[in-house]
Amino acid sequence: MSGWLNGLLGVIIFSGSLPATRIAVQDIDPFFLTFSRASIAGALALMLICGFREKRPSLRHIVSLIVVSLGVVVGFPLLTAMALQHVTSAHSIVFLGLLPLATALFGVIRGGERPRLAFWIFSIIGSLLVVGFALSQNVAVSLTGDVLMLAAVVVCGLGYAEGAKLSRQLGGWQVISWSLIMSLPFMLAASFITLPESVSQISTSAWLALGYVSLFSMLIGFIFWYKGLASGGIAAVGQLQLLQPFFGLGLSASLLNEAVSPLMIAITLGVILCVVGSRKFAR
């Protein structure tokens, strides 16, 4: 239960990323947003590591930390930022619906988990509900955007599973902190290269949104998420990601005055049932 509660907190925090990103990209270039959020989070992670005087990870942890860094610090934010230049945010929900499956698959490959057949049935049904809901919306289709989003889901699922596996040895906040620190030099350089000519045009709301995705989406959310995956099971807790698009749409409705349809509520209830069912048969 502790794993599920931590995982749910992580998903709720991640759900605010999309509304915050929508606000931020109105004034901030997507590439600068991607690099600067990782730079800010990396600087905070460095202060955490130094403040608590954490020991450096051993050499046997370096490869896993690189995988986490490439997956969730660099890969997913960058690939989604590139994809959103070709597809709408609504269309990306199709691929977010596949993220729990990707996480579960890498949980089997990298984490050694063996969910029962019923788990996969509930997981596939839940993913199909999310994908079906997204496809029922009038969204634009782009082959380039779809390929980029599919790649983003794959690297993110790998980063989630690898980070959860490593969290059992290093701890959740240590894993994401060291991953951010390892990528910090590259993110700082990329931020400098993509720095806008003038920052005076950036609104206060955009700066606040950048602060949210930097502090919560890139750091605090992962502390709860990795702790949840490590203690509750990668495949099982990973199914909570099915709720992320709906939490995000709910926040969009409250923050951006977007409409919430009865169909969305019905699909959400169906997804919740699939999450509960997958939890029962995860092990």
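Above this text sits the structure in question.
Below is a short write-up of the structure.

1. Focus: the overall build of the protein chain
Okay, so step 1: For the protein chain, the helix and strand inventory stands at 13 helices and zero strands.
Okay, so step 2: For the protein chain, the N- to C-terminal ordering of α and β elements is α-α-α-α-α-α-α-α-α-α-α-α-α.
Okay, so step 3: Whereas a compact globule of 283 residues would reach a radius of gyration of roughly 19 Å, the protein chain reaches 18 Å, a difference of no more than 12%.
Okay, so step 4: Reported as C-alpha extents along the three principal axes, the dimensions of the protein chain are approximately 50 × 45 × 30 Å.
Okay, so step 5: Looking at the protein chain residue by residue over its 283 residues, the buried ones come to 53%.
Okay, so step 6: As displayed, the protein chain has an accessible area near 12,800 Å², and 71% of this comes from carbon and sulfur atoms.
Okay, so step 7: Here the protein chain contributes 15 positively and 8 negatively charged side chains, and the mean placements of these two sets differ by 20 Å.

2. Concerning the packing of helix α2 (residues 17-24) against helix α10 (residues 204-232)
Okay, so step 1: Contact geometry for α2 and α10: axes closest at 8 Å, N-to-C directions at 145°. The handedness of the crossing between α2 and α10 is left-handed. For the pair α2 and α10, the contacting residues are Ser17, Ala20, Thr21, Ile23 and Ala24 in the first and Ser205, Ala206, Ala209, Leu210, Tyr212, Val213 and Ser217 in the second.
Okay, so step 2: Looking at side-chain class alone, the contact of α2 with α10 contains eight nonpolar, four polar and no charged residues.

3. Quick notes on the pattern of salt bridges
Okay, so step 1: Tallied over the full model, the rule gives two salt bridges.
Okay, so step 2: Arginine 110 is the salt-bridge partner of glutamate 162, the closest N and O atoms lying 2.7 Å from each other. Separated by 52 residues along the polypeptide, glutamate 162 in helix α8 (residues 143-170) and arginine 110 in helix α6 (residues 99-111) bring together distant segments of the chain.
Okay, so step 3: Of the charged contacts in the structure, one is a salt bridge between glutamate 113 and arginine 168, with a shortest N-O distance of 3.3 Å. You can see glutamate 113 sitting in the loop between α6 and α7 (117-136) and its partner arginine 168 sitting in helix α8, a full 55 residues away along the chain.
Okay, so step 4: By relative accessible area, glutamate 113 is classed as buried at 14%.
Okay, so step 5: Classification of arginine 168 by relative accessible area gives partly exposed; the value is 40%.

4. Considerations on the layout of surface pockets
Okay, so step 1: The calculated volume of the largest pocket comes to roughly 650 Å³.
Okay, so step 2: Lining the largest pocket are 32 residues, and of these Ser17, Thr21, Arg37, Phe76 and Thr80 sit closest to its centre.
Okay, so step 3: For the lining of the largest pocket, the secondary structure elements donating two or more residues are α1 (2-15), α2, α3 (30-51), α4 (59-83), α5 (89-96), α8, α10 and α12 (244-256).
Okay, so step 4: For the lining of the largest pocket, the leading source of residues is α4, giving five residues.
Okay, so step 5: Taken together, the residues that form the lining of the largest pocket break down as 18 nonpolar, 12 polar and two charged.

5. Things to note about the packing of aromatic side chains
Geometrically, a pair of aromatic rings is defined through the distance of the ring centres and the angle of the planes.
Okay, so step 1: According to the stated counting rule, one finds nine aromatic pairs in the structure shown.
Okay, so step 2: Following the ring pairs from residue to residue traces out a cluster consisting of Phe14, Tyr160, Phe222, Trp225 and Tyr226.

6. Here we look at the side chain of glutamate 113
Okay, so step 1: Here the side chain of glutamate 113 touches arginine 168 through a polar contact of 3.3 Å, side chain to side chain.
Okay, so step 2: Discounting residues that sit within four places of it in the chain, glutamate 113 has contacts with Gly107, Val108, Arg168, Gly233, Ile234 and Ala235.

Rules used throughout
- Residues numbered from 1 in each chain as written.
- Predicted model: local features only at pLDDT ≥ 70, side-chain atom pairs only at ≥ 80, totals over all residues.
- Heavy atoms only, no water.
- Helix = DSSP H or I, 4+ residues; strand = E, 2+ residues; numbered from the N terminus.
- Rg over C-alpha atoms; globule rule 2.2 N^0.38 Å.
- Buried < 20%, exposed > 50% of the residue type's maximum accessible area, 1.4 Å probe, protein only.
- Areas by Shrake-Rupley, 256 points an atom, 1.4 Å probe, with all protein chains shown as cover.
- Lys, Arg positive; Asp, Glu negative; His and termini not counted.
- Charge placed at Lys NZ, Arg CZ, Asp CG, Glu CD.
- Axes fitted to C-alpha atoms, helices over the stretch in contact; angles between N-to-C directions.
- Left-handed = near helix turned anticlockwise from the far one by under 90°.
- Contact = heavy atoms within 4.5 Å.
- Nonpolar A, V, L, I, M, F, W, Y, C, P; charged D, E, K, R; others polar.
- Salt bridge = Lys/Arg side-chain N within 4 Å of Asp/Glu carboxyl O.
- 1 Å grid on protein atoms, 1.4 Å probe; cavity = no way out; pocket = protein on both sides within 12 Å on 5 of 7 lines; lining within 4 Å.
- Points joined across faces, edges and corners; volume = space filled by probe spheres on them.
- Phe/Tyr/Trp six-rings, centres within 6.5 Å; stacked < 30°, edge-to-face > 60°.
- Polar contact = N/O pair within 3.5 Å; in protein donor to acceptor, adjacent residues only side chain to side chain.

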